[in-house]
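The primary structure of each chain is shown beneath.
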Amino acid sequence: MDAYMTNCFAEHFYTFINNEEINENIEKRLLDYGVTIGTVIEMYRDNQSLSGIQDKVYQYYEHYTTQRMKVIDELFALYGLPKITENAQGKSQDEALLKDVEKLVDRRNAIVHKGDYKKNEIKSISVKDAENIKKIELLVKNIEEIVENRFKRFETAEK
């Protein structure tokens, strides 16, 4: 899920800045990515496409975790998609979707960061956790639909 959220955001960044007014939030985020006016001038002088900015976005998010719902919401709010996780949950008609996915993220973190041991025994994955893994797929699918719908208008405008 982390890689998907990062890639989904980065894939659309160049299209977004190419088609939308650059606001204060985008300017701040560009600075976070290391994109300054100097960077843009260098790209222009070297006849590079500004799509090189997308590379900076990928580099920035290489060490950034986009698994938490709050972080995902903050990220996609830059594209005018506030509360994207809640909207994705609404599309699913599963009121527990976000809660169940958050539990899986916590479980994943326990495995990765703490070894997931209980009195020298590795905990097994519960039936509920196994069933909930499908909810990650549903959340990602719904977010993808929301993002793609947001960017469709740019495709039709470019044609």
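Presented here is an overview of the structure given in this document. (Residues numbered from 1 in each chain as written. Predicted model: local features only at pLDDT ≥ 70, side-chain atom pairs only at ≥ 80, totals over all residues. Heavy atoms only, no water.)

Next up on the list: the packing of helix H1 (residues 2-19) against helix H4 (residues 52-61). Interaxial distance between H1 and H4 falls to 9 Å at its minimum, and their mutual angle equals 150°. In this view, H1 runs roughly antiparallel relative to H4, as classed from their interaxial angle. Once H1 is placed against H4, the crossing between them reads as right-handed. Across from Thr6, Asn7, Phe9, Ala10, Glu11, Phe13, Tyr14 and Ile17 in H1, the residues of H4 making contact are Ile53, Gln54, Val57, Tyr58 and Tyr61. Its residues placed into classes, the contact of H1 with H4 shows nine nonpolar, three polar and one charged. (Axes fitted to C-alpha atoms, helices over the stretch in contact; angles between N-to-C directions. Helix = DSSP H or I, 4+ residues; strand = E, 2+ residues; numbered from the N terminus. Parallel < 35°, antiparallel > 145°, perpendicular 65-115°, else oblique. Left-handed = near helix turned anticlockwise from the far one by under 90°. Contact = heavy atoms within 4.5 Å. Nonpolar A, V, L, I, M, F, W, Y, C, P; charged D, E, K, R; others polar.)

In this section: the packing of aromatic side chains. Both the distance between ring centres and the angle between the ring planes are used here to describe each pair of aromatic rings. In total, this model carries 13 aromatic pairs according to the counting rule given. An angle of 45° between the planes, with centres 5.8 Å apart, marks the rings of Phe9 and Phe13 as tilted. Residue Phe9 and its partner Phe13 are both found in helix H1; the two are separated by four residues, about one turn of the helix. For the pair shown, Phe9 and Phe13 are each scored as buried. Members of the aromatic cluster, joined through ring pairs, are Phe9, Phe13, Phe16, Tyr33, Tyr60, Tyr61, Phe76, Tyr79, Phe151 and Phe154. (Phe/Tyr/Trp six-rings, centres within 6.5 Å; stacked < 30°, edge-to-face > 60°. Buried < 20%, exposed > 50% of the residue type's maximum accessible area, 1.4 Å probe, protein only.)

In the contact formed by H1 and helix H5 (residues 69-77), the axes pass within 11 Å of each other and the chain directions differ by 10°. Between H1 and H5, the interaxial angle falls into the category roughly parallel. Between H1, through Met5, Cys8 and Phe9, and H5, the contact on the second element is made entirely by Ile72, Leu75 and Phe76. Of the residues in the contact of H1 with H5, the class split is six nonpolar, no polar and no charged.

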